[in-house]
Amino acid sequence: MRLVLLGPPGAGKGTLANQVHEKFQVAHISTGDILREEMKSGSELGQEAKGYVESGGLVPDQLVTRLIESRLSRKETSDTGFLLDGFPRTTAQAEDLDKILETNGIPLEFAVLMEAGLPVIVQRLTGRRVCRQCGALYHIQNMPPQKQGVCDRCGGELYQRPDDTEETIKKRMDVYYEKTAPIIDFYAQQDKLKKIDAEKETAQLLKDLEAFIKDFDDASDQDQNAARS
Ligand code: AMP
């Protein structure tokens, strides 16, 4: 499986990617998570990224593309497959991604656009809580932890991302429409775009995604059989 998850902030890319990772053991590569880890460790890269991330802007293309290139070049990533979450976010990143995947001989299978309207996005983002320790995702109404403020999985402290406030969400949405939405056409032109209604329950989204994966695998098998006969 080699997929990109596209969609506005709050569409549920991270939640769906976590489930796919658990079910199929593919590498879940989230540039947002990687950047937050770098910021937490205080690395040079993290310090460089901090201002952009916290204000809801985009980290420069070169910096994130370098991060992705190193992850995609790992042998385990080409062995297990991958699910990219939050990358690409600009057309330049999408073009670079194609080049990196071609160099590594692991072409993208398809991109899934997760569509959700603004009221749902704002409700999801303002209620989102993240475990400081293991990164598990919660929502104060939709997916609350058993004990308020504490991660069910590891007992870590839950926090609200500083960029999940209403003001920063507005900026992130503007950035999404201006910089990221053009990628939808980029993949449509390559005939690699699938869409799902991301306002549905996560369990249903996983089923929709699995149906795409099955269709893709069936079509590839047919192509291989036709090539052999
Ligand atoms: P996310 O966790 O995907 O919502 O990303 C959080 C923030 O990290 C974004 O608002 C950006 O500041 C930064 N970021 C994540 N992925 C990228 C990317 N592909 N390009 C530029 N900035 C990114």
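What you see is a predicted model, and the numbers here were worked out from it, not measured in a lab.

The next point concerns the side chain of Glu109. For Glu109, the position within the fold is in the loop between helix H6 (91-104) and strand S4 (110-115). Not counting chain neighbours up to four residues away, the residues in contact with Glu109 comprise Met1, Arg2, Leu3, Lys192 and Phe216.

Attention now moves to the sheet that holds strand S5 (residues 128-131). Taken in spatial order, the 3 strands make up an open sheet running S6-S5-S7, and their pairing is antiparallel. A single partner strand is all that each edge strand has here, and the edge strands are strand S6 (137-139) and strand S7 (158-159).

Time to look at helix H4 (residues 61-72). In this model, H4 (12 residues) spans 16 Å end to end at C-alpha, consistent with the 16 Å of a helix rising 1.5 Å per residue. Within the sequence span of H4, burial applies to Leu63, Val64, Thr65, Leu67, Ile68 and Leu72. Where H4 is buried, its residues touch strand S2 (27-30), helix H2 (31-41), helix H3 (44-55), helix H5 (75-80), strand S3 (82-85) and H6.

The next subject is the nonpolar core. If you look at the biggest cluster of nonpolar residues, it comprises 30 residues, and the most contacted ones within it are Val4, Leu35, Leu72, Phe82, Leu84, Leu97 and Tyr187. If you list the elements that add at least two residues to this core, you get strand S1 (2-6), H2, H3, H4, S3, H6, S4 and helix H9 (182-189). At 5 residues, the largest contribution of residues to this core is made by H4. Contact partners of Leu35, with chain neighbours within four places excluded, come to Leu45, Ala49, Val53, Val59, Val64 and Leu67. Ala11, Leu206, Leu209 and Phe212 belong to the second largest nonpolar core, which has 24 residues in total.

It is worth spelling out the site of the ligand at this point. Taken together, 17 residues sit near the ligand, with Thr31, Arg36, Gly57, Gly86 and Gln93 positioned nearest. Arg161 places a side-chain nitrogen or oxygen 3.1 Å from an oxygen atom of the ligand. Arg172 is positioned with one of its side-chain polar atoms (N or O) 3.3 Å from an oxygen atom of the ligand. In the complex, 95% of the free accessible area of the ligand, which totals 480 Å², lies under the protein chains. Put simply, the parts of the chain that give the shell around the ligand at least two residues each are H2 and H3.

As enumerated under the stated definition, the model contains 4 aromatic pairs in all. Taking 5.1 Å as the distance between ring centres and 90° as the angle between the ring planes, the aromatic pair formed by Phe186 and Tyr187 counts as edge-to-face. No difference in accessibility class separates Phe186 from Tyr187, as the two residues are buried. Taken together, the ring pairs connect Phe110, Phe212 and Phe216 into an aromatic cluster. Positioned over the ring face of Tyr159 is Arg132, at 4.4 Å from the centre of the ring. Just above the ring of Phe110 sits the side chain of Lys194; from NZ or CZ to the centre is 5.4 Å.

This part takes up the sheet that holds S2. The strand order across the open sheet built from 5 strands is S2-S3-S1-S4-S8, with neighbouring strands paired in parallel fashion. In this open sheet, the two edge strands, each paired with only one partner strand, are S2 and strand S8 (193-197). Strand-to-strand twist in this sheet, taken as the mean axis angle between neighbours without regard to direction, amounts to 20°. Two elements, S4 and S8, share 5 bridges in a ladder whose sense is parallel. Among the inter-strand pairings, Met114 is bridged to a residue of S8, identified as Ile196.

About the cut-offs
All residue numbers refer to position in the chain's written sequence, counted from 1. Residue-level local features of this predicted model are given only where pLDDT is at least 70; pairs of side-chain atoms are given and counted only at 80 or more, and the full residue set underlies all totals for whole chains, interfaces and linings. Heavy atoms from the whole structure form the basis of all side-chain values; hydrogens and water molecules are not counted. Only DSSP runs of H or I with at least four residues qualify as helices, and only runs of E with at least two residues qualify as strands; both kinds are numbered from the N terminus onward. Working rule for contacts: check all heavy atoms of both residues, and any pair within 4.5 Å makes them a contact. DSSP bridges decide pairing: two strands pair if at least two such bridges lie between them. Under the convention used throughout, the expected extent of a helix is 1.5 Å for every residue step, that is, one less than its residue count. In this scheme, a residue with accessible area under 20% of its type's maximum is buried, one over 50% is exposed, and one in between is partly exposed, where area comes from a 1.4 Å probe on protein chains only. Here, the term nonpolar core denotes a set of buried Ala, Val, Leu, Ile, Met, Phe, Trp, Tyr and Cys residues that are joined through side-chain atoms within 4.5 Å. Proximity is defined per residue: if any heavy atom of the residue lies within 4 Å of a molecule or strand, that residue is considered near it. In protein, a polar contact requires one atom able to donate a hydrogen and another able to accept it; more generally it is a pair of N or O atoms within 3.5 Å, and residues adjacent in sequence count only if both atoms are side-chain atoms. Computed with the Shrake-Rupley method and a 1.4 Å probe, the accessible areas treat only the protein chains shown as cover for residues. Ring pairs shown here join Phe, Tyr and Trp side chains whose ring centres sit within 6.5 Å, with only the six-membered ring taken for Trp; geometry is labelled stacked below 30 degrees between planes, edge-to-face above 60, and tilted in between. Remark: a charge is flagged as sitting over a ring if the NZ atom of Lys or the CZ atom of Arg is within 6 Å of the ring centre and within 35 degrees of the ring normal. Lines fitted to C-alpha atoms define the axes, with helix axes restricted to the stretch in contact, and inter-axis angles between N-to-C directions lie between 0 and 180 degrees.

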